Amino acid sequence: MNVHTIEGEFNGEGLKIGIVVARFNDLLTNELLSGALDCFERHGVEKVDVVKVPGSFEIPLVAKKLAESGKYDAVLALGAVVRGETKHFDLVANEVAKGVAKVSLDSGVPVIFGVITVEDELQGLNRAGIKSNKGFEYAMAALEMANLMEKLK
Ligand SMILES: O=c1[nH]c(NC[C@H](O)[C@H](O)[C@H](O)CO)c([N+](=O)[O-])c(=O)[nH]1
């Protein structure tokens, strides 16, 4: 049986990436952004546009604008939703996830869901640099998906 596996590399050369990052919880989101930019730099990406929005709830609208512009090979959505005392934690988290997925499917451009949803700030810090930087990991997903979409054309 001949099995042909297709997967994306992590080559950033020639790619144009758009990042939408929420300012809410920017102690965490700035670290996610820094990890993502480090990843893109180390994989040869030359052009990254960063758009800042007030909070994660605003991410899908801007992700849609970037994806539909035709200027980007992938869009990375970065945010941090902290339950803490947030009554509408689930609302914000769910709407952002649904919105980002819809933008990706409607536009055909990979939109990576890089919004950490955590119980408290410490959990957030652990994912934004103390134990690992999820921003770097999400950026790797953006590279892989951009390369994969090129192969599937
Ligand atoms: O990105 C976040 N936005 C949050 N709220 C703001 C929201 O994203 C919108 O910016 C706001 O509702 C205005 O539309 C959060 N909390 O409410 O806790 C949160 O934890 N993270």
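Residues numbered from 1 in each chain as written. Predicted model: local features only at pLDDT ≥ 70, side-chain atom pairs only at ≥ 80, totals over all residues. Heavy atoms only, no water.

**Student:** Tell me about the pattern of salt bridges, and please be specific about residues and values.
**Tutor:** Enumeration over the complete set of coordinates arrives at 10 salt bridges. Across the salt bridge formed by Glu-119 and Arg-83, the nearest N and O atoms sit 2.9 Å from each other. Of this pair, Glu-119 sits in the loop between β4 (111-118) and α4 (121-127) while Arg-83 sits in the loop between β3 (74-82) and α3 (89-107); the two residues are 36 residues apart in sequence, bridging distant segments of the chain. Through salt bridges that share partners, Arg-83, Asp-90 and Glu-119 make up one connected network. (Salt bridge = Lys/Arg side-chain N within 4 Å of Asp/Glu carboxyl O. Helix = DSSP H or I, 4+ residues; strand = E, 2+ residues; numbered from the N terminus.)

**Student:** Please set out the pairing of β3 residue by residue, giving values where relevant.
**Tutor:** Burial analysis of β3 places nine of its nine residues in the buried class, the great majority of the element. Burial along β3 is two-sided: Ala-74, Leu-76, Leu-78, Ala-80 and Val-82 and Val-75, Ala-77, Gly-79 and Val-81, pointing in opposite directions, are all buried. Two elements, strand β1 (residues 16-22) and β3, share five bridges in a ladder whose sense is parallel. Bridged to Ile-19 within β3 is Leu-76. Where β3 meets β4, eight bridges bridge the pair, whose relative direction is parallel. Bridge pairing in β4 places Gly-79 opposite Val-115. (Buried < 20%, exposed > 50% of the residue type's maximum accessible area, 1.4 Å probe, protein only. Pairing = 2+ DSSP bridges.)

**Student:** Residues and numbers for unusual backbone geometry, please.
**Tutor:** Trans is the common state for peptide bonds, and a negative phi is the common state for residues other than glycine. Phi is positive for Asn-25, which is not a glycine, with a value near 60 degrees. Examined against the element boundaries, Asn-25 turns out to sit in the loop between β1 and α1 (26-42).

**Student:** Residues and numbers for the sheet that holds strand β2 (residues 47-53), please.
**Tutor:** In spatial order, the strands read β2-β1-β3-β4; together these four strands make up an open sheet with parallel pairing. Across the chains shown, the open sheet's two edge strands, defined by having one partner strand only, are β2 and β4. Neighbour-to-neighbour, the strand axes of the sheet open up by a mean angle of 15 degrees, direction not taken into account. Those strands touched by α1 are β1, β2, β3 and β4, and its axis lies near 155 degrees from that of β3. Strands in contact with helix α2 (residues 59-69) are β1, β2, β3 and β4; relative to β1, the strand with the most contacts, it is inclined by about 165 degrees. (Axes fitted to C-alpha atoms, helices over the stretch in contact; angles between N-to-C directions. Contact = heavy atoms within 4.5 Å.)

**Student:** Residues and numbers for the nonpolar core, please.
**Tutor:** With 25 residues, the main nonpolar core has Ile-17, Ile-19, Phe-40, Leu-76, Leu-78 and Ile-116 as its most contacted residues. Those elements giving two or more residues to this core turn out to be β1, α1, β3, β4 and α5 (134-151). Here this core takes six residues from α1, the largest share from any one element. When near neighbours in sequence (up to four residues on either side) are disregarded, Phe-40 contacts Ile-17, Ile-19, Val-45, Val-48, Leu-76, Ala-139, Ala-142 and Leu-143. (Core = buried A, V, L, I, M, F, W, Y, C linked by side-chain atoms within 4.5 Å.)

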